[in-house]
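# Per-entry structural report
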Amino acid sequence: MPAEVKSLNEECGVFGVWGDPNAAELTHLGLHTLQHRGQEGAGIASLTPAGMRRHYGFGLVSQVFAQPADLAALRGPAALGHVRYATAGGAILENIQPLLFRFSDGAVALAHNGNLTNAISLRAALEKAGAIFQSTSDTEVLMHLLRRSPAKTFAGQLMAALNQVHGGFAFALLTEAGLYAACDPNGFRPLVVGQLPGGGYVVCSETAALNAVGATFIKDVQPGELVTVDDTGLHMQQYTTNTQLAVCSMEYVYFARPDSEIHGVNVHQARVAMGKRLAQEQPAAGDIVVGVPNSSLSAAIGYAQASGLPYEMGLIKSQYVARTFIQPTQALRERSVRLKLSALKAVVSGKRVVLIDDSIVRGTTAKQIVQLLKEAGAKAVHLRIASPPLRFPCFYGIDIQTTKELLAANYSVREMRTLLGVDSLGFLSVQGLEDSVGLSTTAPNRGLCVAYFTGEYPTPLDDYAANLDLELKALAQNVKEVAAP
Ligand SMILES: O=P(O)(O)OC[C@H]1O[C@H](OP(=O)(O)OP(=O)(O)O)[C@H](O)[C@@H]1O
Ligand SMILES: NC(=O)CC[C@H](N)C(=O)O
Ligand SMILES: [Mg+2]
């Protein structure tokens, strides 16, 4: 099965504008800023004088909107955009978002970051009742539920639908009457609201995208909240009060941009704090601290500050290896890491390197980098990871839905140390991660979802539960067999 060079797959990004004559152009800019969240497909739907129009396709935003005419055709006062990395339904054109539905009483565009855990069973029931689906993505289920609701208003129908879907979702919807944004009851995925200098409103996945269009931050969409923007202004209501904050911890560790703030915490600063805590929990006898570009650099700075060791640029990342570079085999994937990263011999030669990365998924990156550093003359490599061992899959919007490819699910830290060829290996603790992000909340795990590391999922896993159970039982059996004399 083809796999990307990028080992930790992204999620999706949403960006919508209401009440600005350049809505589509601003959305285009916003999607560029959110490009790190999905590189598989992109699209924009907008309210034009000729009605709702959409342009979408496979690839990066720059590829999908390669012709100026593509964007010009979307000119209008409101727009909704999306960058996609599939979690459900695969990479077919019909699944590229925003999905667009044309009804006899108007059009609706729908964009989603997250993954619905009960989409498969809901779809089966809806199809049995006569529904005809146009895509294979989990996202489409919402619209079928919405249209079946007997509620009198669009917002009422939407709230009824939001109460039936489970799992992770940051939804944004655009109609002729308004722009809507809603978060799941745990707030797994980030979603924020901002205001443009001209008075129009923006809803988007990350605050970095607000900054990119000159919008001022207003608020994070809260768990269980529905935000509506229409010609009368901004309105907020809870579609459910049965909520508990559990923001995806990997947003802070790896996914989100360092210049974004999620629930009041800057991502770069959270990573620096993770690095500092890592230095306290897992000290190393090294001469220099080196981060793995790009996502771990903030944590590496923190580790250097707390350990007193000099921070050095021991690895260089090529700016020109596209994230969408697809490699079919593990051997090619390993070679690709070398294409992407190289060691700076003049810096690392003869040195004991404390190597910092934010996470280990398959271990492809770490294994290659350790070899690169040793080939460049590093005397020792002490690998320190600014998150706990990633042992469980995610069903809330990140495309790791099996334990099979998670190194830490299959090997102990000691075994990983040998496999990766490092002189020592240490991870941040779950408590260390929670304290470093430091959300001000009384929710469990300090408002973070740490299921990746603990296997304690904040919600039932519905359609995914039975399979995960089987996998975990098989893993436990393996461990017993290995341990047997
Ligand atoms: O163990 P692996 O399967 O190799 O996955 C983990 C690596 O993948 C991610 O980096 P990525 O290559 O996505 O690049 P980035 O840090 O520049 O975003 C992450 O930061 C780790 O370096
Ligand atoms: N990564 C995501 O957030 C994906 C959204 C949605 N589940 C899809 O597959 O299109
Ligand atoms: Mg990385």
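Quantities reported herein were computed from a predicted structural model and do not represent experimental measurements.

## Looking at the nonpolar core
Note on soluble globular proteins: their nonpolar side chains tend to be buried together. Membership of the largest hydrophobic core comes to 75 residues, with the highest contact counts inside it found for Ala181 and Val203. For this core, the element with the most residues is strand S8 (residues 167–174), which contributes 6 residues. Setting aside residues up to four positions removed in sequence, Val203 forms contacts with Gly16, Ala172, Leu179, Ala181, Leu191, Val193 and Val227. Grouped together as the second largest cluster of nonpolar side chains are 72 residues, Val253, Val290, Ala343 and Val354 included.

## Here's the deal with the pairing of strand S7 (residues 106–116)
Where burial is concerned, most of S7 is hidden: 9 out of the 11 residues are buried. The sheet contact formed by strand S6 (residues 99–103) and S7 spans 5 bridges and is antiparallel. Bridging across to S7, Leu100 finds its partner in Ala109. Taking the residues between adjacent antiparallel strands as the criterion, S6 and S7 are bridged by 2 residues.

## Some remarks on helix H13 (residues 364–375)
Compared with the 16 Å implied by 1.5 Å per residue over 12 residues, the 17 Å span of H13 between its first and last C-alpha is a close match. For H13, every residue scored as buried is listed here: Thr365, Ala366, Ile369, Val370, Leu372 and Leu373. The buried side chains of H13 occupy one side of the element, clustering within an arc of 160 degrees when seen end-on. Just downstream of H13 lies Gly377, where phi reads positive at about 100 degrees.

## Observations regarding the UniProt feature "binding site: Mg(2+)" (unreviewed entry) in the protein chain
Here the UniProt-annotated "binding site: Mg(2+)" (unreviewed entry) positions come out as Ser295, Asp357 and Asp358. What stands out for the annotated residues spanning 64 residues is how close their C-alpha atoms remain, the widest pair being 7.8 Å apart. Considering the arrangement of structural elements, one finds Asp357 in strand S23 (residues 352–357). The buried category is assigned to Asp357, around which 22 C-beta atoms lie within 10 Å. When sequence neighbours within four positions are dropped, the list of residues in contact with Asp357 reads Val292, Ser296, Thr365, Ala366 and Ile385. Mapped onto the fold, Asp358 is located in the loop between S23 and H13. Among residues more than four places away in sequence, those in contact with Asp358 are Val253, Tyr254, Ser295, Ser296, Ala299, Ala386 and Ser387.

## What to know about unusual backbone geometry
The omega torsion of the bond from Gln97 to Pro98 falls at 0 degrees, within 30 degrees of zero and hence cis. Within the fold, Pro98 resides in the loop between strand S5 (78–84) and S6. With an omega of 0 degrees, the peptide bond running from Pro293 to Asn294 counts as cis. Within the secondary structure, Asn294 is located in the loop between strand S18 (288–291) and helix H10 (297–307). We note that Asn445 has phi near 55 degrees; this positive angle belongs to a residue other than glycine. Tracing the backbone shows Asn445 in the loop between helix H16 (430–437) and strand S26 (448–449). Note on Asn445: 23 C-beta atoms within 10 Å, which makes it buried. The phi angle at Arg446 is positive, at roughly 50 degrees, despite the residue not being glycine. Its location among the elements puts Arg446 in the loop between H16 and S26.

## Description of the environment of Ser429
The residue Ser429 is located in the loop between strand S25 (424–427) and H16 in this model. Linking Ser429 and Ser387, residues 42 residues apart in sequence, is a C-alpha distance of 7.0 Å. When sequence neighbours within four positions are dropped, the list of residues in contact with Ser429 reads Glu281 and Pro388.

## Comments concerning the sheet that holds strand S13 (residues 225–230)
The strand order across the open sheet built from 6 strands is S6-S7-S8-S9-S13-S14, with neighbouring strands paired in antiparallel fashion. Strands at the two margins of the open sheet, each flanked by one partner only, are S6 and strand S14 (233–238). When the angles between neighbouring strand axes are averaged without regard to direction, this sheet yields 20 degrees. Where S8 and strand S9 (residues 179–183) come together, 5 bridges link them in antiparallel fashion.

## Structural notes on the site of ligand 2
If you check the shell around ligand 2, you find 17 residues, and the closest are Glu11, Cys12, Ala86, Thr87 and Asn113. With 4 residues, the single largest contributor to the shell around ligand 2 is S7. Looking at the shell around ligand 2, its residues break down into 4 nonpolar, 10 polar and 3 charged.

## Considering the pairing of S14
Residues in a regular strand point their side chains to alternate faces of the sheet. Where S13 meets S14, 6 bridges bridge the pair, whose relative direction is antiparallel. If you follow Leu226 over to S14, its bridge partner there is Gln237. Remark: 2 residues form the turn of the hairpin made by S13 and S14, two consecutive strands paired antiparallel.

## With respect to helix H5 (residues 140–148)
When we look at burial in H5, the residues that qualify are Glu140, Val141, Leu142, Met143, Leu145 and Leu146. On its buried face, H5 sits against S6, S7, helix H4 (119–128), helix H6 (154–162) and S8.

What counts, and at which threshold
- Residues numbered from 1 in each chain as written.
- Chains lettered and ligands numbered in written order.
- Predicted model: local features only at pLDDT ≥ 70, side-chain atom pairs only at ≥ 80, totals over all residues.
- Core = buried A, V, L, I, M, F, W, Y, C linked by C-beta atoms within 7 Å.
- Buried ≥ 20, exposed ≤ 12 C-beta atoms within 10 Å, placed from the backbone.
- Helix = DSSP H or I, 4+ residues; strand = E, 2+ residues; numbered from the N terminus.
- Contact = placed C-beta atoms within 7 Å.
- Pairing = 2+ DSSP bridges.
- Expected span 1.5 Å × (residues − 1).
- Arc of directions from axis to C-beta.
- UniProt positions renumbered as here; feature names shortened; annotations may be inferred.
- Axes fitted to C-alpha atoms, helices over the stretch in contact; angles between N-to-C directions.
- Near = placed C-beta within 6 Å.
- Nonpolar A, V, L, I, M, F, W, Y, C, P; charged D, E, K, R; others polar.

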